[in-house]
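Each chain, written out:
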Amino acid sequence: MYEYAEAAVEGALAAGATYADARVVVSKQEGIDVQNQAVQSLDRTEQAGVGVRALIGSSWGFFATADLTRRAATAAGERAAEIARASAVVPGDPIQFADVDVVQATYETPYVEDPFAVSMSEKVDLLVGVTKTMQEVDGIAIATGNLTFYATNKWFVSSQGHRIHQHLVESGGGFDATALGERESQRRSYPQSFGQYETGGYEAVRKWDYAGNAGRIAEEAAALLTADELEEREADLILEGSQLALQIHESVGHAIELDRILGWEAAFAGTSHLELPNLGTFRFGSDLMNITADATLPGALGTFGYDDEGTPAQRVDIVKNGIWLGVLSGRDSAAIAGLPPGGMVRGDGYNRLPMVRMTNVGILPGDSSLEEIIADTEDGVYMATNRSWSIDDKRLNFQFGTEIAWEVKDGKLGRMLKNPTYTGIGPVFWGSLDRLAGGDEWIHWGTPNCGKGQPMQVAHTGHSAAPARFRNVRVGVRG
Amino acid sequence: MSRAVDLAEQVLDLVGDRADAEVVATEGNLALTRFANSFIHQNVAEVGETVSLRLAVDGRVASARTTSTSVQALGAFVEAALETAALQPVDDDWPGLAPPAAIDSVEHVDDATYDASPGARAELVRAFVDAGSGLLAAGYCQTEGRTEAFANSAGQSVSGRHTSAILDGIHQTGTSAGTAHAASVAIADLDGTAVGELAARRAAESANPFDAKPGDYEVILAPEAVATIAVFLGFYGFNGKMLSEGQSFVELGSRQFDEQFQMWDDVTDSRAMGVPFDTEGTPKGHLDLVVDGVTRGVAHNRKTAKKAGVESTGNSITGSESWGPVPTNVFVGGGTRSVDDLIAGVERGIYVSAFNYCRILDPKTMVVTGLTRNGTFMIENGRITEAVTNMRFTQGFVDALGEGKILGVADDARFADSEFAPGIMYVPTMRLGSWNFTGGAEG
């Protein structure tokens, strides 16, 4: 497949590009949805093509085609250069490009069990079984389960001499139970909302023991219908790990994207409250807040060998002891900021322009445990599993809802509470972090649905997190 | 014969009599010119073909999609799909294939837009940027041209072309931003200067905003904000699957809205975009959702229609097996009053240019949280007086449109971006009696 990427790069250079790179991507995806013991959809998607990026002056030109022939690839390179040249109608400063080592390499996701080799009947039986278990609980009207598997081969070539082949494998899924009341619905999910996804094979599904958790999840959903509402007040808030993972994703991960900080996403995704002159001095949170962007974590969803500019996967300190130290960057954005490129540029398939994306942006583990944190809390709320998420375009003001909560009184879990929400301002909220779990409770949660860019791109990102406590948070906000 | 039609027939032939099959084939291009900090920084285009196949082998159903459309690749694609289907349990709810039926003759296409050049998009961007007179501009101009063909083994065979052109952007001051949006079937309809001027005016007028006190306010919602409400109603409410599962707020035949509220789905309207058939080959037509405040209909695909004992409304989309069928050519009825007239009636309220990052808390109650963005203003004694910082709200959308709560509908209906997808919502400015703002965006 390298020959098509090479042809595309040659076409772009011949048409006047000062730099060009191309990716041939061949991918397949298998998705299974089951609802109330019946298969809703079984879908297999294959995608193959070449996307080429050409740099002229102040703009990238990008062109993609599914026609994998030398002729079409060369023409794609020429079109990419033509598009970049048309941008000169509304020009800016020429794009600079930070240096990276030119490498010729291969990378393969380690996995134990090829998810595409596991029989379809085993996968369907698993989901039919968990939905049956959930339906057996009184009050459960809808029980769904899903599994999705991805295998992606990428061949990357640049005009600077990169030649990189990667084979990435991702697996995951989950299930949920919905109980319907007269004027409300209540849902519980496992392992987290939208499922848990990881790099790796079918072992990423097996380890979560779907069958052993289906009954509990359904019973909690049914019980929520008669639970008390969480009252609006200020309280000490304990977050379960997957909810903290999404909190990191939204209020830290997107805020540290350098393209947002530079204004490149202003009209759509938004900007950031972070300003580059404050890098190294801005207090983002308490001393317990230690965030890294680490694309090398085994099994985490945002793990790979090289990004889509050929920069090696790496670990970058983002926040250390509460102080903001790092950003997510690519070669062009890093050059403007005067920083080393972070290897965080990825495109969604062959037909999308690579852009700054999260890798594995997570919090380093603490030395406590959920049990200890609850025991240490006099008057608080414990919230688990995301239900809704919303944050402003500077990534400051957020409001999250979770599926379930329990009141915490005198060091013990108390009443179950429904419709829990909490709201806050990013750095104020992170400044109130005072307890953080670790050990086995520190998990590489995966987010398979991070949207960004125009045309829209979906990225798979990882977020290591563990249960944590935040002091004096506004909870129970509703309309 | 177009390439898309040829592809659909090829795949159907490859399946032969081994299964009931339906094929959607597309060919075309998508191009998007993106700008920020007042210059074009990302400029992309793609061409390609796609084939989607759903087949049923004795009631065992599977679907597959591919972008590889060589004869050899399609042969392997079909065999793999057949093998997958054979492994499935029988789907007792399989509704069968759409029977042969004629589609509306409407064609929302403009040849100049189908293959619009990067230069044409760049000129629109230049006009938008120049209209800001030094303000910082960001946004995009997108053109799309696509041919879609459907064929199934029951004999239904239809095809159509469609185009769209969109210009959307903001101008920014140091303390504010203003947004504007235009969409049409034809790129020639887009006026970059006019769109840019509106965004620039909103940005300038919303400079140096103050923090308004949270609480219930009367609101004037510009079309972008109304489009967000409409898309939530459509996706979570007027959805035949959600209704059959008991998750929708919809009560057919009940007066659930103010009598001024009218909402329908109609790809055959001359102002709409898209093709007049769905991914199951069912013809699309006019579907009343709300008439004079009374809920009249929901969108159906063949499976939800069978369950409800009605006919499909032609609202199957890719993924609707799981998500359910949704309306994608939505119109909200416009009024006869000008926007200024609506504002003149407000003693104290908030004008909202657009919402941002809205997420549903419970589909059954339609309570949604989100923020305002790109132009929020205080209205006092019938006129806009000051700019307001972005505000967070938590609001029941059905409740906000309830009996007596729509205080006016303007005559400015147009395509508005709903935050989730442009070109699917054609809506006016509305004046609503109450909206629950829970705080300012920055604390």
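Please read all numbers here as calculations on a predicted model, not as lab measurements.

### Details of the overall build of chain B
Assigned secondary structure in chain B consists of 11 helices and 19 strands. By its C-alpha atoms, chain B is 70 × 50 × 40 Å across when sized along the principal axes. Expressed as a percentage of its 443 residues, the buried residues of chain B come to 65%. Counting contacts in chain B only where the partners sit at least 6 residues apart, residues at least 24 apart contribute 72% of the total. Summing over all exposed atoms, chain B offers an accessible surface of approximately 15,100 Å²; the carbon and sulfur share of this is 48%. The averaged location of the 59 negative side-chain charges in chain B is 5 Å from the averaged location of its 32 positive side-chain charges.

### Here's the deal with the overall build of chain A
Scanning chain A from terminus to terminus reveals 10 helices and 24 strands. The C-alpha radius of gyration of chain A comes to 23 Å, within 12% of the 23 Å expected for a compact globule of 479 residues. Taken over the C-alpha atoms alone, chain A extends approximately 70 × 55 × 40 Å along its principal axes. Residues classed as buried in chain A amount to 66% of the 479 residues present. If you take every contact in chain A between residues at least 6 apart in sequence, the share linking residues at least 24 apart comes to 75%.

### Examining the layout of surface pockets
Taken as a whole, the largest pocket holds about 740 Å³ of empty space. Forming the boundary of the largest pocket are 35 residues, of which Thr271(A), Lys394(A), Gly174(B), Thr175(B) and Ser176(B) lie nearest the centre. Broken down by secondary-structure element, the contributors of at least two residues to the lining of the largest pocket are helix 7 (258–261) of chain A together with strand 5 (157–172) and strand 13 (367–380) of chain B. Take the lining of the largest pocket: its biggest share by element is 4 residues, from strand 13 of chain B. A breakdown of the residues in the lining of the largest pocket according to their chemical character gives 12 nonpolar, 16 polar and 7 charged. If you count residues domain by domain, the lining of the largest pocket takes at least three from each of domain 1 (3–202) and domain 2 (209–443) of chain B.

### Quick word on the interface of chain A and chain B
Taken residue by residue, the interface counts 76 residues in chain A and 71 residues in chain B. In total, about 6,100 Å² of surface goes out of reach between chain A and chain B, with carbon and sulfur atoms giving 48% of it. Of all residues in chain A, Glu46(A), Val90(A) and Gln454(A) give up the largest surface area on contact with chain B, accounting jointly for 10% of the area buried on that side. Here chain A and chain B share 6 salt bridges between them. With a shortest N-O distance of 3.4 Å, Arg183(A) and Glu251(B) are connected by a salt bridge. Where chain A touches chain B, the interface holds 43 residue pairs in polar contact (both at pLDDT 80 or more). A total of 10 residues in the side of chain A that touches chain B trace back to one element, the largest contributor, which is strand 2 (residues 38–56) of chain A. The class makeup of the residues in the side of chain A that touches chain B is 33 nonpolar, 25 polar and 18 charged. Pairing of strand 2 of chain A with strand 3 (residues 60–66) of chain B involves 4 bridges; the strand directions are parallel.

### A word on the packing of aromatic side chains
A complete count under the given rule lists 38 aromatic pairs over all chains for this structure. Centre to centre, the rings of Phe249(B) and Phe257(B) are 6.1 Å apart; their planes meet at 85°, and the pair counts as edge-to-face. Here Phe257(B) falls in the buried class, since its relative accessible area comes to 0%. An aromatic cluster is defined as three or more aromatic residues linked by ring pairs; in this entry it consists of Phe232(B), Phe235(B), Tyr236(B), Trp323(B), Phe355(B), Phe393(B), Phe397(B) and Trp435(B). The positively charged end of Arg53(A) is found above the aromatic ring belonging to Trp60(A), 3.9 Å away from the centroid.

### Some points on empty space enclosed by the protein
The final tally for this structure, using the stated rule, is 7 cavities of 30 Å³ or more. Size it by volume and the second largest cavity reaches roughly 190 Å³. As for the second largest cavity, its lining consists of 19 residues, of which Gln40(A), Arg54(B), Val61(B), Lys303(B) and Glu321(B) are closest to the centre. Within the residue set of the lining of the second largest cavity, elements represented by two or more residues are strand 2 of chain A together with strand 3 and helix 9 (320–323) of chain B.

### Observations regarding the domain arrangement of chain B
Residues and elements named next belong to chain B. The assigned domain composition of chain B is domain 1 (3–202) and domain 2 (209–443). Taken residue by residue, the interface counts 42 residues in domain 1 and 36 residues in domain 2. The contact between domain 1 and domain 2 buries some 2,900 Å² in all, and 59% of this surface belongs to carbon and sulfur atoms. Inspection of the domain 1/domain 2 interface yields 3 salt bridges. When the shortest N-O distance is used, the salt bridge between Asp91 and Lys303 registers 3.0 Å. Those elements that provide at least two residues to the side of domain 1 that touches domain 2 are strand 1 (20–36), strand 4 (136–152), strand 5 and strand 6 (177–184). Per-element accounting of the side of domain 1 that touches domain 2 gives the leading share, 10 residues, to strand 5. Across the side of domain 1 that touches domain 2, the residue classes break down as 18 nonpolar, 13 polar and 11 charged.

### Thoughts on the sheet that holds strand 18 (residues 425–427) of chain B
Residue and element names in this part refer to chain B. Ordered in space as 10-9-8-11-18-17, the 6 strands form an open sheet in which the pairing is mixed. This sheet does not close on itself; its edge strands, each paired only once, are strand 10 (294–295) and strand 17 (414–415). Pairing of strand 8 (residues 263–266) with strand 9 (residues 286–291) involves 4 bridges; the strand directions are antiparallel. Bridge pairing links Asp265 to Leu287 in strand 9. With respect to the sheet, helix 6 (residues 223–237) is in contact with strand 8, strand 11 (330–332), strand 17 and strand 18, its orientation differing from that of strand 18 by roughly 130°.

### What to know about unusual backbone geometry
Residue and element names in this part refer to chain A. The step from Tyr190 to Pro191 runs through a cis peptide bond, and the omega angle for that step is -5°. Here Pro191 is to be found in the loop between strand 7 (185–190) and strand 8 (196–199). For the bond from Gln454 to Pro455, the omega torsion is -5°, close enough to zero to count as cis. Tracing the backbone shows Pro455 in the loop between strand 22 (443–452) and strand 23 (457–465). Its identity is not glycine, yet Arg395 carries a phi of approximately 65°, on the positive side. The residue Arg395 is located in the loop between strand 17 (379–391) and strand 18 (397–409) in this model. Since its relative accessible area comes to 3%, Arg395 is described here as buried.

### Remarks on helix 1 (residues 2–14) of chain A
Residue and element names in this part refer to chain A. With 13 residues, helix 1 ought to run about 18 Å at 1.5 Å a step, and its terminal C-alpha atoms sit 18 Å apart, in line with that. Every buried residue belonging to helix 1 is among Tyr2, Tyr4, Ala5, Ala7, Ala8, Val9, Gly11 and Ala12, and all of these are buried. Looking at the buried residues of helix 1, the elements they touch are strand 1 (19–35), strand 2, helix 2 (70–86), strand 4 (104–108), strand 5 (140–158) and strand 6 (163–180). In the segment just after helix 1, Gly16 is the residue with positive phi, at about 110°.

### Comments concerning the nonpolar core
Generally speaking, a soluble globular protein has its nonpolar side chains buried in company with each other. In this structure, Leu244(A), Tyr422(A) and Trp430(A) are the most contacted members of the largest nonpolar core, which totals 82 residues. Counting 50 residues, the second largest nonpolar core, distinct from the first, contains Leu221(B), Ala230(B), Val290(B) and Ala400(B).

### Quick look at the sheet that holds strand 12 (residues 315–320) of chain A
The pairing of strands in a sheet comes from backbone hydrogen bonds and takes either a parallel or an antiparallel form. Residues and elements named next belong to chain A. With antiparallel pairing, the 4 strands of this open sheet are ordered in space as 13-12-11-16. Edge positions in the sheet fall to strand 13 (323–324) and strand 16 (361–363), since each has one partner strand and no second. Both strand 11 (residues 291–294) and strand 16 contribute to a ladder of 3 bridges, which runs antiparallel. Residue pairing in the sheet places Ile291 in a bridge with Ile363 of strand 16. Seen against the sheet, helix 6 (residues 241–253) touches strand 11 and strand 16 and runs at an angle of roughly 120° to strand 16.

### Quick notes on the pattern of salt bridges
When their charged atoms lie close together, side chains carrying opposite charge are able to pair. As enumerated under the stated definition, the model contains 59 salt bridges over all chains in all. As a salt-bridge pair, Arg387(A) and Asp362(B) come within 4.0 Å of each other at their nearest N and O atoms. Taken as a pair, Arg387(A) in strand 17 and Asp362(B) in strand 12 (residues 348–362) lie in two separate chains rather than in one. Each member of the pair, Arg387(A) as well as Asp362(B), is classed as buried. A salt bridge links Asp269(B) to Arg271(B); the shortest N-O distance between them is 2.8 Å. Accessibility expressed as a relative area gives 15% for Asp269(B), which makes it buried. Linked through salt bridges whose partners overlap, the residues forming this network are Asp176(A), Arg187(A), Arg188(A), Arg216(A), Glu220(A) and Glu403(A).

Thresholds applied
- Residues numbered from 1 in each chain as written.
- Chains lettered and ligands numbered in written order.
- Predicted model: local features only at pLDDT ≥ 70, side-chain atom pairs only at ≥ 80, totals over all residues.
- Heavy atoms only, no water.
- Helix = DSSP H or I, 4+ residues; strand = E, 2+ residues; numbered from the N terminus.
- Buried < 20%, exposed > 50% of the residue type's maximum accessible area, 1.4 Å probe, protein only.
- Contact = heavy atoms within 4.5 Å.
- Areas by Shrake-Rupley, 256 points an atom, 1.4 Å probe, with all protein chains shown as cover.
- Lys, Arg positive; Asp, Glu negative; His and termini not counted.
- Charge placed at Lys NZ, Arg CZ, Asp CG, Glu CD.
- Rg over C-alpha atoms; globule rule 2.2 N^0.38 Å.
- 1 Å grid on protein atoms, 1.4 Å probe; cavity = no way out; pocket = protein on both sides within 12 Å on 5 of 7 lines; lining within 4 Å.
- Points joined across faces, edges and corners; volume = space filled by probe spheres on them.
- Nonpolar A, V, L, I, M, F, W, Y, C, P; charged D, E, K, R; others polar.
- Domains from an automatic or database assignment.
- Buried area = accessible area lost by both parts, 1.4 Å probe.
- Salt bridge = Lys/Arg side-chain N within 4 Å of Asp/Glu carboxyl O.
- Polar contact = N/O pair within 3.5 Å; in protein donor to acceptor, adjacent residues only side chain to side chain.
- Pairing = 2+ DSSP bridges.
- Phe/Tyr/Trp six-rings, centres within 6.5 Å; stacked < 30°, edge-to-face > 60°.
- Lys NZ or Arg CZ within 6 Å of the ring centre and 35° of its normal.
- Axes fitted to C-alpha atoms, helices over the stretch in contact; angles between N-to-C directions.
- Expected span 1.5 Å × (residues − 1).
- Core = buried A, V, L, I, M, F, W, Y, C linked by side-chain atoms within 4.5 Å.

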